[in-house]
Amino acid sequence: MEKREANKKGALQPAPKVLVSCRGLDGEDNALVVGYCGNCSYAPPMVMVGIVPTRYSYQMIKESGCFVVNIASKDYQETFDYLGKISKRDSNKLKDINVKLEDGKVVNAPILADCPVNIECTVVDSIMTGSHEMFIGKVEYVHADSKLVGLDGSIDFTKIDFI
Ligand SMILES: Cc1cc2nc3c(=O)[nH]c(=O)nc-3n(C[C@H](O)[C@H](O)[C@H](O)COP(=O)(O)O)c2cc1C
């Protein structure tokens, strides 16, 4: 094949898109769409999420030191789009569209109950990479729809219709 130079931004694809939920020190809940994310350690298991400092969620995660990564499937598209478009600064977005929340089992942040996988994380480090601050989260607990989980605990991701 013949090659030519292409754009540098977002060059690594395919990339997952997730919903990150969090809780502020005053107990308020929030969630936003995050496209800058990924696994970043196998042992111990860690994931990272990139948050732009102007996001309302940014300060919440900075202060609480925890977050939840929620994997959404296509039936959650409307909610996903709303949470990625509206800021909590402007509207109580979780209430606006009746997002179903449950408390995390380990961390003090909500999980989005209608997402098939929820990954509870404690922030162990963060690095300002440029436009985003990458929060490194130690995976504390993974909730998965029981229809997806094998006897050994592994999740069958092929069964998720990813957004
Ligand atoms: C496809 C998509 C990917 C996004 N990726 C990120 C991201 O990686 N980091 C980020 O801070 N915001 C990202 N956003 C923007 C936030 O989700 C959006 O600004 C949100 O309204 C912020 O909510 P908040 O201000 O209540 O925290 C993305 C939005 C979309 C639609």
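Only a predicted model underlies this, so the values are computations on that prediction, with no experimental measurement involved. (Residues numbered from 1 in each chain as written. Predicted model: local features only at pLDDT ≥ 70, side-chain atom pairs only at ≥ 80, totals over all residues. Heavy atoms only, no water.)

Caption draft 1: Here's a closer look at the environment of T79. Relative to the assigned elements, T79 resides in helix 2 (residues 77-85). The exposure class assigned to T79 is buried, which follows from its relative accessible area of 15%. Between the C-alpha atom of T79 and that of I97, which follows or precedes it by 18 residues, the distance is 7.2 Å. (Helix = DSSP H or I, 4+ residues; strand = E, 2+ residues; numbered from the N terminus. Buried < 20%, exposed > 50% of the residue type's maximum accessible area, 1.4 Å probe, protein only.)

Caption draft 2: Examining helix 1 (residues 56-64) more closely. Those residues of helix 1 that sit buried are S57, Y58, M60 and I61. On its buried face, helix 1 is in contact with strand 1 (18-23), strand 2 (29-34), strand 4 (46-51), strand 5 (66-71), strand 8 (117-128) and strand 9 (133-144). Two residues or fewer past helix 1, G65 is found with a positive phi of approximately 70 degrees. (Contact = heavy atoms within 4.5 Å.)

Caption draft 3: Highlighting the nonpolar core. Core analysis: the biggest nonpolar cluster contains 22 residues, and V20, V34, V49, I51 and F67 have the highest contact counts within it. Looking at this core, the elements that each hand over two or more residues are strand 1, strand 2, strand 4, helix 1, strand 5 and strand 8. Discounting chain neighbours no more than four positions away, the residues touching V34 are P16, K17, V18, V20, V49, G50 and I51. A31, F80, V99 and C115 belong to the second-largest nonpolar core, a separate cluster that totals 10 residues. (Core = buried A, V, L, I, M, F, W, Y, C linked by side-chain atoms within 4.5 Å.)

Caption draft 4: The arrangement of the sheet that holds strand 5 in detail. Read across the open sheet, the seven strands follow the order 2-1-5-8-9-4-3; overall the sheet is antiparallel. Each edge of the open sheet carries a strand with a single partner, namely strand 2 and strand 3 (37-41). Adjacent strand axes in the sheet meet at a mean angle of 35 degrees when their direction is disregarded. By the bridge criterion, four bridges tie strand 3 to strand 4 in an arrangement that is antiparallel. (Pairing = 2+ DSSP bridges. Axes fitted to C-alpha atoms, helices over the stretch in contact; angles between N-to-C directions.)

Caption draft 5: Spotlight on the pattern of salt bridges. Counting across every chain of the model gives eight salt bridges. The partner of K62 in a salt bridge is E133, with the nearest N and O atoms 2.6 Å apart. In this pair, K62 sits in helix 1 while E133 sits in strand 9, placing the two residues 71 residues apart along the sequence. Classification of K62 as partly exposed rests on a relative accessible area of 39%. The closest approach of N and O atoms between D161 and K74, which form a salt bridge, is 3.6 Å. (Salt bridge = Lys/Arg side-chain N within 4 Å of Asp/Glu carboxyl O.)

Caption draft 6: Structural detail: the pairing of strand 2. Within strand 2, five of the six residues are buried, which leaves the element mostly enclosed by the surrounding structure. Counting the residues that bridge the hairpin from strand 1 to strand 2 gives five residues, and of these G27 lies at a positive phi of roughly 95 degrees.

Caption draft 7: View of the site of the ligand. In the vicinity of the ligand there are 21 residues, among which V33, G50, S57, S87 and K88 approach most closely. Measuring from an oxygen atom of the ligand, one finds a backbone N or O atom of I86 at 2.9 Å. Residue K88 places a main-chain N or O atom 2.8 Å away from an oxygen atom belonging to the ligand. For the ligand, the accessible surface in isolation is 650 Å², of which the surrounding protein chains cover 80%. Among the elements that make up the shell around the ligand, the one with the highest residue count is strand 2 (four residues). (Near = heavy atom within 4 Å. Polar contact = N/O pair within 3.5 Å; in protein donor to acceptor, adjacent residues only side chain to side chain. Areas by Shrake-Rupley, 256 points an atom, 1.4 Å probe, with all protein chains shown as cover.)

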